[in-house]
Amino acid sequence: MEQFDNIEDYIADLKSKLRDNPTCGNTHYNLGVAYLSRRDFVEAEREFLDAVAHSPRMAEAYVQLGGIALQRGDMDSCLSYNVQATQQRPFFAVPWGNIGFVYMQQGDNDKAHKSLKKALKLDPEFAQAQATMSSVLIAMGEFEDADQLLKNLLGKQAHFGPGWNNKAIIEAERGNWDEAAVCIARAEESGFEVPADFKKEVLEKAGD
């Protein structure tokens with residue numbers, strides 16, 4: 001992509017390559033990523049489906065399809081695509097993290113925990129999986145384990161908003177309202193939208 005002045009030139013080049021070689025899964029995948037960068041989800045989905053049709057073992061394309069399904073709010077398809085990704089590449093951490101996220105959203109903390117554990121075994125520094133795992137541990141009442149995970153995450157990624165939000169939840173649970181307020185401020189500085197009711201409760205009790 002670097003040699004192109006803009007995304008439109010890059011897309012045009014990929015399309016011309018597909019005219020010469022329409023069954024190249026990699027080119028379909030790259031075109032899908034280009035459409036995603038333009039937030040053209042319909043075209044991106046079409047290209048990723050073509051990518052896996054021509055290259056059925058391309059786990060990354062299944063992950064991208066799962067991301068598009070998630071963006072649509074279709075949790076079942078998101079789960080299915082990520083499961084397919086793990087079947088093609090069992091040691092690819094990203095789909096395991098996504099599977100854990102979907103299970104957490106569906107309220108199945110045990111399955112979420114199992115999938116996220118696998119993701120973090122494969123990639124211990126996978127920030128999104130660490131943050132999701134901390135949410136699952138909080139939901140399970142395992143606040144100390146969640147806190148340890150967040151210390152590691154935020155020590156290395158100081159601007160990871162979801163991590164600061166979860167740290168705020170833990171501090172609020174402990175009654176450390178001032179610390180929780182600081183964590184909320186850090187989450188918001190990082191671009192994370194803290195739930196309004198939680199923020200209101202913390203700010204009312206901080207400074208007492």
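Use the structure listed above.
For every chain, the first residue of the written sequence is number 1, and numbering continues from 1 along that sequence. The model is predicted, so local features are restricted to residues of pLDDT at least 70 and side-chain atom pairs to those at 80 or more, both for listing and for counting; the totals for chains, interfaces and linings are taken over all residues. Water and hydrogen atoms play no part in the side-chain values, which are based on all heavy atoms of the structure.

Chemist: Summarise the side chain of Glu-47; cite the residues concerned and give the values.
Modeler: Note on placement: Glu-47 falls in helix 3 (residues 41–54). Throughout this description, buried means an accessible area under 20% of the type-specific maximum (1.4 Å probe, protein chains only), exposed means over 50%, and partly exposed covers the range between. Charged residues are defined narrowly, with Lys and Arg counted positive, Asp and Glu counted negative, and His plus the chain ends left uncounted. Every case where a carboxyl oxygen of Asp or Glu lies within 4 Å of a side-chain nitrogen of Lys or Arg is listed as a salt bridge. Put simply, Glu-47 is tucked away with no salt bridge, and the nearest opposite charge, on Arg-46, sits 6.3 Å away. Residues adjacent in sequence count toward polar contacts only when both atoms are side-chain atoms; beyond that, a polar contact is any pair of N or O atoms within 3.5 Å, and within protein one must be able to donate a hydrogen and the other to accept it. Side-chain polar atoms of Glu-47 contact the side chain of His-28, separated by 2.7 Å. Setting aside its immediate chain neighbours within four residues, Glu-47 contacts Leu-18, His-28, Leu-31, Gly-32 and Tyr-35. Think of it this way: any DSSP run of H or I at least four residues long counts as a helix, any run of E at least two long counts as a strand, and we number them from the N terminus. Contact between two residues is taken to exist if any of their heavy atoms lie within 4.5 Å; hydrogens are not considered.

Chemist: Lay out a positive patch on the surface in plain terms, naming residues and giving numbers.
Modeler: Together, Lys-111, Lys-114, Lys-117, Lys-118 and Lys-121 give the surface a local cluster of positive charge. The residue Lys-121 is located in helix 7 (residues 109–122) in this model. Lys-121 gets classed as exposed once you look at its relative accessible area, which sits at 74%. Residues form patches when they are more than 30% accessible in relative terms and have no salt bridge. Like charges link within 9 Å. Nonpolar side chains (Val, Leu, Ile, Met, Phe, Trp, Tyr) link within 5 Å. Surface accessibility in these figures is a Shrake-Rupley result with a 1.4 Å probe; residues are shielded only by whichever protein chains are displayed. Just so you know, the charge point we use is NZ for Lys, CZ for Arg, CG for Asp and CD for Glu.

Chemist: Report on the packing of aromatic side chains, specifying residues and quantitative values.
Modeler: Aromatic contacts are taken between Phe, Tyr and Trp rings whose centres are within 6.5 Å, Trp giving its six-membered ring; a plane angle under 30 degrees counts as stacked, one over 60 as edge-to-face, and the others as tilted. Tallying each qualifying case throughout the model produces one aromatic pair. Between Tyr-29 and Phe-48, the ring centres sit 5.5 Å apart and the planes meet at 50 degrees, which makes this aromatic pair tilted. Placement of Tyr-29 in helix 2 (residues 25–37) and of Phe-48 in helix 3 is noted, with a sequence separation of 19 residues between them. Overall, the relative accessible area of 16% leaves Tyr-29 in the buried class. Only when the NZ of Lys or the CZ of Arg is both within 6 Å of the ring centre and within 35 degrees of the ring normal is a charge said to sit over the ring. Residue placement shows Arg-89 over the ring face of Phe-92; its charged tip is 4.0 Å from the ring centre. When the ring centre of Trp-96 is taken as origin, the NZ or CZ atom of Lys-118, which lies over that ring, is 4.5 Å away.

Chemist: How would you sum up unusual backbone geometry? Please name residues and give values.
Modeler: One can expect most non-glycine residues to show negative phi and most peptide bonds to be in trans. Unusually for a residue other than glycine, Arg-39 sits at a positive phi of about 60 degrees. Its place among the elements puts Arg-39 in the loop between helix 2 and helix 3. Arg-39 gets classed as exposed once you look at its relative accessible area, which sits at 57%.

Chemist: Tell me about the pattern of salt bridges, and please be specific about residues and values.
Modeler: Going through the model one piece at a time under the given rule, you end up with 17 salt bridges. A salt bridge links Asp-147 to Lys-151, with the nearest nitrogen and oxygen atoms 3.9 Å apart. On the criterion of helical spacing, the pair formed by Asp-147 and Lys-151 is a turn pair, its members being four residues apart in helix 9 (residues 143–156). Residues joined by salt bridges that share partners form a network here, namely Glu-144, Asp-147, Lys-151, Lys-167, Glu-171 and Arg-174.

Chemist: Explain the packing of helix 3 against helix 4 (residues 59–71) to me, using residue names and the numbers behind them.
Modeler: Axis geometry follows a simple rule: fit a line to the C-alpha atoms, using only the stretch in contact for helices, then measure angles between N-to-C directions, giving values from 0 to 180 degrees. Across the interface, helix 3 lies against helix 4 with an axial gap of 9 Å and an inter-helix angle of 150 degrees. Considering the angle they form, helix 3 stands roughly antiparallel to helix 4. Our pair here, helix 3 against helix 4, has a crossing hand that is left-handed. Contact residues: Phe-41, Ala-44, Glu-45, Phe-48, Leu-49, Ala-51 and Val-52 in helix 3; Ala-61, Tyr-62, Gln-64, Leu-65, Ile-68 and Gln-71 in helix 4. Polar here means any residue other than Ala, Val, Leu, Ile, Met, Phe, Trp, Tyr, Cys and Pro, which are nonpolar, and Asp, Glu, Lys and Arg, which are charged; Gly is therefore polar. Split into classes, the residues belonging to the contact of helix 3 with helix 4 amount to ten nonpolar, two polar and one charged. Orientation is classified from the angle alone, with under 35 degrees giving roughly parallel, over 145 giving roughly antiparallel, 65 to 115 giving roughly perpendicular, and any other angle giving oblique. Crossing handedness: left-handed means the near helix sits turned counterclockwise from the far one by under a right angle, and right-handed means the same turn made clockwise.

Chemist: How would you explain helix 1 (residues 7–20) if you had to name every residue and give the values?
Modeler: Note: α-helices contain 3.6 residues per turn, so residues at a spacing of three or four share the same orientation. Its 14 residues give helix 1 an end-to-end C-alpha distance of 20 Å, which sits within 8% of 20 Å, the value for a rise of 1.5 Å per residue. Every buried residue of helix 1 is accounted for by Ile-7, Tyr-10, Ile-11, Leu-14 and Leu-18. Here the buried residues of helix 1 occupy an arc of 100 degrees about the axis, which is enough to place them on one side. Relative to its buried face, helix 1 has exposed residues pointing more than 90 degrees away, namely Arg-19 and Asp-20. The backbone nitrogen of Glu-8 lies 3.0 Å from a side-chain oxygen of the residue at the head of helix 1, namely Asn-6. Take the residue count of a helix, subtract one, and multiply by 1.5 Å to get its expected span. Here the arc refers to the directions that run from the helix axis out to each C-beta atom.

Chemist: I'd like a rundown of the side chain of Glu-45, residues and numbers included.
Modeler: Tracing the backbone through its elements, the reader meets Glu-45 in helix 3. Assessed through its relative accessible area of 17%, Glu-45 is described here as buried.

Chemist: Outline the environment of Asp-123, listing residues and values.
Modeler: With respect to the helices and strands, Asp-123 occurs in the loop between helix 7 and helix 8 (127–139). Along the chain, Asp-123 and Gly-97 lie 26 residues apart, while their C-alpha atoms are 9.8 Å from each other.

Function-wise, these values are silent; they only describe arrangement.
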